[in-house]
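# What the coordinates show
One letter stands for each residue in the lines below.
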Amino acid sequence: MSDDDQRDQSTPAEPAAQAPAPAPAAPTAPTGPEPEAIRFFGTTWVNHDGGYALRRAGLAIGSLLAAAAAAYLLRLAYEGLEIGDVGPFLSISVVVLFAIASAIAFAKTWESFGRRPAPSSDEAALKGLKAIGFIGSLIAYFLRSLTEAPGEKLRRTEYERAKTEFERRRSSRTGNPAARRPKRKK
């Protein structure tokens, strides 16, 4: 046996100084549905607290600046096509493509603020088109953030409905079912 093994066997283990374990939390009654977080806002949209107004202003300014920068980059790309002398057909086609893609992206992004997409919808097929027309999505974010957090109205409606449903289910309960008297047999 090595010295370490003999030391381990000959000396009793000393109790380690431990902090008392926290008492297990008592089960609490469910408090109701939790609000869904919104990107950039978390759950501050519920009570409009925690810098909600600053976040909304920041999102509006940020999305507008990003849209302006993207439009400038597209202008530079168009000038590159002009310098490359690719012809009027291709130049006009690129402009029309970005305009249509931006319009579709704007409409789909704006629509997504008011309703959730159906599971069998064509949203996955439009991801590429929305990526090409990202300026339209940025403008939709800018315009929506002027009035509310993007998607706030939809989530608030769902949250209020869930709270109402929870309260309705909660109020229909009458006490502890284990404490009830057994029913009389007839």
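The structure we're discussing is the one just above.
This section reports on the structure supplied with the text. (Residues numbered from 1 in each chain as written. Predicted model: local features only at pLDDT ≥ 70, side-chain atom pairs only at ≥ 80, totals over all residues. Heavy atoms only, no water.)

## So, the overall build of the protein chain
- Scanning the protein chain from N- to C-terminus turns up six helices and zero strands.
- When each of the 186 residues of the protein chain is scored for burial, the buried share is 20%.
- Sequence-distant contacts in the protein chain: of pairs separated by 6 or more residues, those separated by 24 or more amount to 72%.
- Only carbon and sulfur atoms are counted for the fraction: they give 61% of the accessible area of the protein chain, which is about 14,000 Å². (Helix = DSSP H or I, 4+ residues; strand = E, 2+ residues; numbered from the N terminus. Buried < 20%, exposed > 50% of the residue type's maximum accessible area, 1.4 Å probe, protein only. Contact = heavy atoms within 4.5 Å. Areas by Shrake-Rupley, 256 points an atom, 1.4 Å probe, with all protein chains shown as cover.)

## Quick word on the packing of helix α2 (residues 52–83) against helix α5 (residues 134–145)
- Relative to each other, α2 and α5 sit at 155°, their axes nearing to 8 Å. The orientation of α2 relative to α5 falls into the category roughly antiparallel. Remark: the crossing between α2 and α5 carries left-handed chirality. Contacts between α2 and α5 involve Arg 56, Leu 59, Ala 60, Ser 63, Leu 64, Ala 66, Ala 67, Ala 70, Ala 71 and Leu 74 on the former and, on the latter, Phe 134, Ile 135, Leu 138, Ile 139, Tyr 141, Phe 142 and Ser 145.
- Each residue belonging to the contact of α2 with α5 can be placed in one class, and the counts come to 14 nonpolar, two polar and one charged. (Axes fitted to C-alpha atoms, helices over the stretch in contact; angles between N-to-C directions. Parallel < 35°, antiparallel > 145°, perpendicular 65-115°, else oblique. Left-handed = near helix turned anticlockwise from the far one by under 90°. Nonpolar A, V, L, I, M, F, W, Y, C, P; charged D, E, K, R; others polar.)

## Observations concerning the nonpolar core
- The biggest cluster of nonpolar side chains holds eight residues, and these are Ile 38, Phe 41, Trp 45, Val 46, Tyr 52, Leu 59, Ala 149 and Tyr 159.
- Ignoring sequence-local partners within four residues, the contact set of Val 46 consists of Pro 35, Arg 156 and Tyr 159. (Core = buried A, V, L, I, M, F, W, Y, C linked by side-chain atoms within 4.5 Å.)

## Points about unusual backbone geometry
- The residue Phe 40 is not glycine, and still its phi comes out positive at about 75°.
- By relative accessible area, which is 53% here, Phe 40 ends up exposed.
- Even without glycine at this site, Asp 85 takes up a positive phi of about 50°.
- Mapped onto the secondary structure, Asp 85 falls in the loop between α2 and α3 (88–112).
- Asp 85 gets classed as exposed once you look at its relative accessible area, which sits at 65%.

## Observations concerning the environment of Leu 146
- Counting through the fold element by element, Leu 146 comes out in the loop between α5 and α6 (152–171).
- Taking relative accessible area as the criterion, Leu 146 reaches 48% and is therefore assigned partly exposed.
- With 90 residues separating them along the chain, Leu 146 and Arg 56 place their C-alpha atoms 7.4 Å apart.
- With residues up to four places along the chain from it excluded, the contact list for Leu 146 reads Arg 56 and Ala 60.

## Digging into the side chain of Glu 152
- Position of Glu 152 among the secondary structure elements: in helix α6.
- Here the side chain of Glu 152 touches His 48 through a polar contact of 2.7 Å, side chain to side chain.
- In contact with Glu 152, not counting residues within four places along its chain, are Ile 38, Trp 45, His 48 and Tyr 52. (Polar contact = N/O pair within 3.5 Å; in protein donor to acceptor, adjacent residues only side chain to side chain.)

## So, α2
- With 32 residues, α2 should reach 46 Å at 1.5 Å per residue; the first-to-last C-alpha distance of 46 Å fits that figure.
- Among all positions in α2, only Tyr 52, Arg 56, Leu 59, Ala 60, Ser 63, Ala 67 and Ala 70 are buried.
- Elements in contact with the buried residues of α2: α5 and α6.
- Asp 85 occupies a position one or two residues after α2 and carries a positive phi of about 50°. (Expected span 1.5 Å × (residues − 1).)

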